[in-house]
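As a plain string of letters, each chain reads:
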Amino acid sequence: QVQLVESGGGLVQAGRSLRLSCAASGRTFSSYLMGWFRQAPGKEREFVATISGSNGNTRYADSVKGRFTISRDNTKNTVYLQMNSLKPEDTAVYYCAATNRWGPIATRSREFEYDYWGQGTQVTVSS
(Lines give C-alpha, C1' and ligand atoms only; values in the text may rest on other atoms or scores of the structure.)
Protein backbone atom coordinates (compact mmCIF):
# COMPACT_ATOMS: atom_id res chain seq x y z
CA GLN A 1 0.00 0.00 0.00
CA VAL A 2 1.27 3.46 -0.91
CA GLN A 3 -0.04 6.72 0.45
CA LEU A 4 0.47 9.90 -1.55
CA VAL A 5 0.25 13.46 -0.27
CA GLU A 6 0.43 16.40 -2.66
CA SER A 7 1.43 19.93 -1.72
CA GLY A 8 2.48 23.19 -3.35
CA GLY A 9 -0.73 24.27 -5.02
CA GLY A 10 -2.10 27.79 -4.82
CA LEU A 11 -3.16 30.91 -6.65
CA VAL A 12 -0.70 32.38 -9.14
CA GLN A 13 -0.76 34.89 -11.97
CA ALA A 14 -0.44 33.80 -15.57
CA GLY A 15 3.18 33.51 -16.66
CA ARG A 16 4.44 32.63 -13.21
CA SER A 17 5.66 29.31 -11.82
CA LEU A 18 4.68 26.77 -9.19
CA ARG A 19 6.26 23.55 -8.02
CA LEU A 20 4.07 20.73 -6.81
CA SER A 21 5.38 17.97 -4.58
CA CYS A 22 4.05 14.51 -3.89
CA ALA A 23 5.39 12.62 -0.89
CA ALA A 24 4.97 8.85 -0.89
CA SER A 25 5.00 6.42 1.99
CA GLY A 26 6.78 3.08 1.79
CA ARG A 27 10.31 1.76 1.37
CA THR A 28 10.33 0.81 -2.32
CA PHE A 29 9.59 4.17 -3.90
CA SER A 30 12.06 3.62 -6.75
CA SER A 31 10.01 0.66 -7.97
CA TYR A 32 6.97 2.88 -8.55
CA LEU A 33 6.12 4.62 -11.75
CA MET A 34 4.72 8.06 -10.84
CA GLY A 35 2.33 10.32 -12.66
CA TRP A 36 0.58 13.66 -12.44
CA PHE A 37 -2.97 14.15 -13.64
CA ARG A 38 -5.32 17.12 -13.39
CA GLN A 39 -9.03 17.81 -13.41
CA ALA A 40 -10.49 21.16 -14.34
CA PRO A 41 -14.04 22.13 -13.32
CA GLY A 42 -16.59 20.35 -15.48
CA LYS A 43 -13.98 18.28 -17.26
CA GLU A 44 -12.63 14.77 -17.00
CA ARG A 45 -9.33 14.08 -15.31
CA GLU A 46 -6.47 14.19 -17.80
CA PHE A 47 -2.87 13.06 -17.97
CA VAL A 48 -0.15 15.65 -17.39
CA ALA A 49 3.20 13.88 -16.95
CA THR A 50 4.81 10.61 -15.91
CA ILE A 51 8.23 9.43 -14.80
CA SER A 52 9.59 5.91 -14.55
CA GLY A 53 10.81 4.42 -11.30
CA SER A 54 14.51 4.03 -11.80
CA ASN A 55 15.96 5.55 -14.98
CA GLY A 56 14.13 8.84 -15.29
CA ASN A 57 12.12 8.17 -18.45
CA THR A 58 9.48 10.88 -18.80
CA ARG A 59 6.45 11.61 -20.92
CA TYR A 60 4.24 14.70 -21.12
CA ALA A 61 0.88 15.77 -22.41
CA ASP A 62 1.21 17.99 -25.47
CA SER A 63 -0.52 20.82 -23.61
CA VAL A 64 2.29 21.09 -21.05
CA LYS A 65 5.32 19.98 -23.04
CA GLY A 66 8.11 22.54 -22.79
CA ARG A 67 6.51 24.26 -19.78
CA PHE A 68 6.23 21.53 -17.14
CA THR A 69 8.96 19.25 -15.84
CA ILE A 70 8.43 16.09 -13.80
CA SER A 71 11.25 14.83 -11.60
CA ARG A 72 11.76 12.60 -8.61
CA ASP A 73 14.09 12.18 -5.67
CA ASN A 74 14.07 8.53 -4.66
CA THR A 75 16.05 9.31 -1.50
CA LYS A 76 13.17 11.52 -0.32
CA ASN A 77 10.30 9.41 -1.70
CA THR A 78 9.08 12.49 -3.52
CA VAL A 79 8.03 13.37 -7.05
CA TYR A 80 7.83 16.95 -8.28
CA LEU A 81 6.04 18.86 -11.00
CA GLN A 82 7.72 22.14 -11.91
CA MET A 83 5.19 24.28 -13.75
CA ASN A 84 6.47 27.31 -15.63
CA SER A 85 4.73 29.84 -17.86
CA LEU A 86 1.41 28.97 -16.31
CA LYS A 87 -1.78 29.73 -18.19
CA PRO A 88 -5.37 30.17 -16.97
CA GLU A 89 -6.22 26.89 -18.71
CA ASP A 90 -3.82 25.11 -16.34
CA THR A 91 -6.29 25.79 -13.52
CA ALA A 92 -7.29 22.43 -12.05
CA VAL A 93 -6.95 20.06 -9.14
CA TYR A 94 -3.66 18.25 -9.63
CA TYR A 95 -3.37 14.62 -8.56
CA CYS A 96 -0.33 12.47 -7.96
CA ALA A 97 -0.59 8.77 -8.86
CA ALA A 98 1.58 5.68 -8.47
CA THR A 99 1.83 2.11 -9.64
CA ASN A 100 4.40 -0.69 -9.59
CA ARG A 101 2.70 -2.95 -12.14
CA TRP A 102 4.76 -1.98 -15.18
CA GLY A 103 8.42 -2.37 -14.26
CA PRO A 104 11.16 0.11 -13.36
CA ILE A 105 11.61 1.82 -16.74
CA ALA A 106 8.01 2.08 -17.97
CA THR A 107 5.92 5.21 -18.30
CA ARG A 108 2.12 5.24 -18.41
CA SER A 109 -0.44 7.93 -19.25
CA ARG A 110 -3.89 6.46 -18.56
CA GLU A 111 -5.77 6.58 -15.28
CA PHE A 112 -6.55 2.88 -15.14
CA GLU A 113 -2.84 2.09 -15.31
CA TYR A 114 -2.34 3.58 -11.84
CA ASP A 115 -3.28 2.03 -8.50
CA TYR A 116 -2.71 4.72 -5.89
CA TRP A 117 -3.88 8.33 -5.85
CA GLY A 118 -3.38 11.36 -3.69
CA GLN A 119 -6.14 13.68 -2.54
CA GLY A 120 -5.21 16.44 -4.97
CA THR A 121 -3.99 20.02 -4.69
CA GLN A 122 -5.70 23.03 -6.24
CA VAL A 123 -3.84 25.18 -8.75
CA THR A 124 -5.53 28.38 -9.84
CA VAL A 125 -3.97 30.60 -12.51
CA SER A 126 -5.40 34.09 -12.86
CA SER A 127 -5.22 36.09 -16.06
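Provided above is the structure to which this section pertains.
Asker: So what's going on with the sheet that holds strand β8 (residues 78-83)? Which residues, and what values?
Answerer: The four strands are arranged β1-β3-β8-β7 in an open sheet whose pairing can be described as antiparallel. Only two strands of the sheet have a single neighbouring strand rather than two, namely β1 (4-7) and β7 (68-73). Each strand of the sheet is rotated relative to its neighbour by a mean of 15°, with strand direction disregarded.

Asker: An account of the side chain of Asn77 is requested, with residue identities and associated values reported.
Answerer: Within the element layout of this structure, Asn77 appears in the loop between β7 and β8. Residue class for Asn77 comes out buried when judged on its relative accessible area of 17%. There is a polar contact of 2.6 Å between the side chain of Asn77 and the backbone oxygen of Gly26.

Asker: Could you give an account of the pattern of salt bridges, naming the residues involved and the relevant values?
Answerer: Scanning the model with the defined rule gives eight salt bridges in all. Here Arg45 makes a salt bridge to Glu111, at a shortest N to O gap of 3.0 Å. With Arg45 in the loop between β4 (33-39) and β5 (46-51) and Glu111 in the loop between β9 (92-99) and β10 (116-117), this residue pair connects regions lying 66 residues apart in the sequence. Taking relative accessible area as the criterion, Glu111 reaches 32% and is therefore assigned partly exposed. The partner of Arg110 in a salt bridge is Glu113, with the nearest N and O atoms 3.2 Å apart. Judged by its relative accessible area of 4%, Glu113 is buried.

Asker: Now, about the pairing of β4: what can you tell me, with residues and values included?
Answerer: Counting buried positions along β4 yields six of seven residues, so the element is predominantly enclosed. Alignment of β4 against β5, held across five bridges, turns out to be antiparallel. Bridge pairing links Phe37 to Phe47 in β5. Hairpin connection from β4 to β5: six residues lie between these consecutive antiparallel strands, with Gly42 at a positive phi of about 75°.

Asker: Before we move on, could you go through the nonpolar core and cite the residues and values that matter?
Answerer: By size, the foremost hydrophobic cluster in this structure holds 36 residues, and its most contacted members are Leu4, Met34, Trp36, Val79, Leu81, Met83 and Tyr94. Of all the elements in the fold, those that place two or more residues in this core are β3 (18-24), β4, β5, β7, β8, β9 and β11 (121-126). Tallying contributions element by element places β9 first for this core, with five residues.

Calculation criteria
- Residues numbered from 1 in each chain as written.
- Predicted model: local features only at pLDDT ≥ 70, side-chain atom pairs only at ≥ 80, totals over all residues.
- Heavy atoms only, no water.
- Pairing = 2+ DSSP bridges.
- Helix = DSSP H or I, 4+ residues; strand = E, 2+ residues; numbered from the N terminus.
- Axes fitted to C-alpha atoms, helices over the stretch in contact; angles between N-to-C directions.
- Buried < 20%, exposed > 50% of the residue type's maximum accessible area, 1.4 Å probe, protein only.
- Polar contact = N/O pair within 3.5 Å; in protein donor to acceptor, adjacent residues only side chain to side chain.
- Salt bridge = Lys/Arg side-chain N within 4 Å of Asp/Glu carboxyl O.
- Core = buried A, V, L, I, M, F, W, Y, C linked by side-chain atoms within 4.5 Å.

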